[in-house]
Amino acid sequence: MSAVEQYARAHIVTDTADSPEDEGRAVPVAFHYDPETDSRQVRITLPGPHEWVFPRELLEQGLRVPVSNGDVRVWPCGRVQAVMEFHSPKGVAVVQVDSKALMRFLRRTYLAATPVAH
């Protein structure tokens, strides 16, 4: 089993941007999954020291229906986008990402978590 790391672009869709130019700008995000550390958890990293760890199941369900777990909420936005909302003591980060990127990441995590038969 090996770790999975995937990068994508997301859009900030919150009204707490520092300037009007920041609103809706594309930002890099990184999705991480390590079945040896915890096969049920994923990590998502946004620019700066912003990282959230939550159940992989939340991403799976959030592509179909609105779901939440603690400080993280995920829901579908039309047919091709998903919204992720992250709450912290410093505020709320709301980002929109292509559903295909999340599905591709989830597919890779399933492959990584499947034991290889010899």
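As the structure is a computational prediction, the values presented were derived from the model and not from experiment.

As for a positive patch on the surface
- Taken together, the side chains of Lys100, Arg104, Arg107 and Arg108 present a region of like positive charge at the surface.
- Structurally, the position occupied by arginine 107 is in helix 3 (residues 99-113).

A closer look at the nonpolar core
- Phe31, Phe54, Leu59, Met84, Phe86 and Val97 are the most contacted members of the largest nonpolar core, which has 29 residues in total.
- Among the elements that make up this core, the one with the highest residue count is helix 3 (five residues).

Structural notes on the environment of phenylalanine 54
- Mapped onto the fold, phenylalanine 54 is located in strand 4 (residues 50-55).
- Take phenylalanine 54: its relative accessible area is 1%, and that puts it in the buried class.
- It is 6.6 Å that separates the C-alpha atoms of phenylalanine 54 and arginine 43, two residues lying 11 residues apart in sequence.
- The residues contacting phenylalanine 54, other than those within four sequence positions of it, are Arg40, Gln41, Val42, Ile44, Leu59, Val72 and Phe86.

A closer look at the packing of aromatic side chains
- Evaluation of the coordinates by the stated rule reveals three aromatic pairs.
- Look at phenylalanine 31 and phenylalanine 105: their rings are 5.3 Å apart centre to centre, the planes differ by 35°, and that puts the pair in the tilted class. Taken together, the residues phenylalanine 31 in strand 2 (residues 26-33) and phenylalanine 105 in helix 3 connect sequence positions 74 residues apart.
- Taking the relative accessible area as the measure of exposure, phenylalanine 31 reaches 0% and is therefore buried.
- Among the residues examined, phenylalanine 105 registers a relative accessible area of 0% and is labelled buried.
- Aromatic pair phenylalanine 54 and phenylalanine 86: ring centres 6.4 Å apart, planes at 45°, arrangement tilted. Of this pair, phenylalanine 54 sits in strand 4 while phenylalanine 86 sits in strand 7 (residues 81-88), placing them 32 residues apart in sequence. Comparing phenylalanine 54 with phenylalanine 86 shows no difference in burial state: the two are buried.
- Grouping aromatic residues by their ring pairs yields a cluster made of Trp52, Phe54 and Phe86.

Conventions we followed
- Residues numbered from 1 in each chain as written.
- Predicted model: local features only at pLDDT ≥ 70, side-chain atom pairs only at ≥ 80, totals over all residues.
- Heavy atoms only, no water.
- Patch = residues over 30% accessible without salt bridge, like charges linked within 9 Å, V, L, I, M, F, W, Y side chains within 5 Å.
- Areas by Shrake-Rupley, 256 points an atom, 1.4 Å probe, with all protein chains shown as cover.
- Salt bridge = Lys/Arg side-chain N within 4 Å of Asp/Glu carboxyl O.
- Lys, Arg positive; Asp, Glu negative; His and termini not counted.
- Charge placed at Lys NZ, Arg CZ, Asp CG, Glu CD.
- Helix = DSSP H or I, 4+ residues; strand = E, 2+ residues; numbered from the N terminus.
- Core = buried A, V, L, I, M, F, W, Y, C linked by side-chain atoms within 4.5 Å.
- Buried < 20%, exposed > 50% of the residue type's maximum accessible area, 1.4 Å probe, protein only.
- Contact = heavy atoms within 4.5 Å.
- Phe/Tyr/Trp six-rings, centres within 6.5 Å; stacked < 30°, edge-to-face > 60°.

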